[in-house]
Amino acid sequence: MTTDYASARETTEGRVFTVTGGDWDSVVNEAGAEERIVVNMGPQHPSTHGVLRLVLELEGETVTEARTVIGYLHTGIEKNLEFRNWTQGTTFVTRMDYLAPIFNETGYCMAVEKLLGIEDQITPRAKTIRVLMMELNRVASHLVWLATTGMELGALSMMIYGFREREYILDIFEMISGLRMNMAYVRPGGVAQDVPEEALAKIREFLGWMPERIDMYEDLLSGNTIWKERTQGVAVLDATGCLALGITGPVLRSAGLGWDIRKQQPYAGYETYDFEVPTESTGDAWGRYKVRLNEMRQSVRIVQQAMDRLEPGPIMIGDKKIAWPAQLAIGGDGLGNSLDHVAKIMGQSMEALIHHFKLVTEGFRVPAGQVYVPIEAPRGELGVHAVSDGGTRPYRVHYREPSFVNLQAIPAMAEGGLLADVIVGGASLDPVMGGCDR
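Residues numbered from 1 in each chain as written. Predicted model: local features only at pLDDT ≥ 70, side-chain atom pairs only at ≥ 80, totals over all residues. Heavy atoms only, no water.

If you look the protein up in an unreviewed UniProt entry, it shows as NADH-quinone oxidoreductase subunit D from Dactylosporangium maewongense. Word for word, the UniProt comment on the protein under Subunit (unreviewed entry) is "NDH-1 is composed of 14 different subunits. Subunits NuoB, C, D, E, F, and G constitute the peripheral sector of the complex." (UniProt positions renumbered as here; feature names shortened; annotations may be inferred.)

Novice: Just checking my understanding: could you explain helix 12 (residues 285-308) for this structure?
Specialist: An α-helix turns once every 3.6 residues. As a result, residues three or four positions apart point the same way. Between its first and last C-alpha, helix 12 extends 35 Å over 24 residues, near the 34 Å set by a 1.5 Å rise per residue. Of all 24 residues making up helix 12, 19 are buried, and the element is well covered by its neighbours. (Helix = DSSP H or I, 4+ residues; strand = E, 2+ residues; numbered from the N terminus. Expected span 1.5 Å × (residues − 1). Buried < 20%, exposed > 50% of the residue type's maximum accessible area, 1.4 Å probe, protein only.)

Novice: What exactly am I supposed to notice about the sheet that holds strand 5 (residues 62-69) here?
Specialist: Sheet strands line up and pair through hydrogen bonds in the backbone, either parallel or antiparallel. One open sheet accounts for 3 strands, arranged 3-4-5; its pairing is antiparallel. Each edge of the sheet is formed by a strand with only one pairing partner; in this case those strands are strand 3 (37-41) and strand 5. Going across the sheet, the axis of each strand differs from the next one's by a mean of 20°, ignoring polarity. By the bridge criterion, 5 bridges tie strand 3 to strand 4 (residues 53-59) in an arrangement that is antiparallel. Along strand 4, the bridge assignment pairs Met41 with Leu54. Taken strand by strand, helix 17 (residues 419-429) contacts strand 3, strand 4 and strand 5, and its axis lies near 150° from that of strand 4. (Pairing = 2+ DSSP bridges. Axes fitted to C-alpha atoms, helices over the stretch in contact; angles between N-to-C directions. Contact = heavy atoms within 4.5 Å.)

Novice: Explanation requested: the sheet that holds strand 10 (residues 396-400) in the structure shown.
Specialist: Strand order in the open sheet formed by 3 strands is 8-9-10, and the pairing between neighbours is antiparallel. At either end of the open sheet lies a strand with only one pairing partner, and these are strand 8 (369-377) and strand 10. Across the sheet, the axes of successive neighbouring strands diverge by a mean angle of 15°, strand direction being ignored. Of the pairings in the sheet, the one linking strand 8 to strand 9 (residues 380-388) comprises 9 bridges and is antiparallel in character. Bridging across to strand 9, Val371 finds its partner in Ala386. Helix 4 (residues 101-116) rests against strand 8, strand 9 and strand 10 of the sheet, and its axis sits at about 150° to strand 8.

Okay, structure coming up:
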């Protein structure tokens, strides 16, 4: 008996076979090339930044195909908006991208205000507070990205520092709105309540030490050999690829295209602020890291300018048929109306009470029409397409969510690379599945 892979010879002890591995090349070429290992990564996985599922086909440790599977966090928020009045909608939309709630709220309220035709009536103080809150939120969002990506690549200290600073910003949000996240603070016509003096003092303190902390993050990571090896030249997507897929935000700016809606299509008075749009030319995970670091620096700069121009004044539009609740006075818990405010309404007149009741329960009517309002969220262009049929509820609201659009880049970044680099590439997109699935 002889085989192709084993020679034989006769001995006094009988026939002896010499078995070698020389046939490995032929085995690989004939059968192994068609075999693929399919790995299911997620949706419960610490490195998918939420309930994202990736179905990966591997040849060894090289990814030959990557598919994204979404929908595990579907909340039906856009459909729910059709059953609530226009003001109540802000309570829903704030929960979509839960790391950037102020942006969800501001985009929605700007769309409602555009349908109402009252954009020019928003008070200077309300606009300034919106910018102040958005830029603080941008820093907090980028801190979460830096902290979690650092953890995934082994920089555990960055995880601690990132969440430490974010906690400080959330404390500021709680002082201003009563809640750390999902505040429903921005309302059609303005904001829910004014910024208290103790919150302003805390912001000034934050502005004093945050620039040094950002420098510290850069010192910690930029010279680190492992960090550089894991990010430089990894998950590359050039400007052409970004434009083909509709990708915006830091991912696009890391490829060299300085598109920022705050500059190109200014809103909320951004054209009056002095700031730069950071860009890099590498188009890789390293470039996205550098862009987000520098964006935090620019956001701190904008917050400082907003603080300097925060003049006393009303925070809600003067039209009592839109301002909700009319003559707002928040209770001690930061949520419902204060007892003094309720007593005042009850004691004024029956007409005032009826007006307040109708405004809160039914809401104001919005003229029929449709608008699209884009803003620059931490992950890219956040667009709100709002449609009104002339009633007190939205006929339809649809969000152009950057997390959803940007996730298209995962196959382009991952295929042909190593399995370990899928983590880096996915993280560098900074997806939030609440916004993607909404």
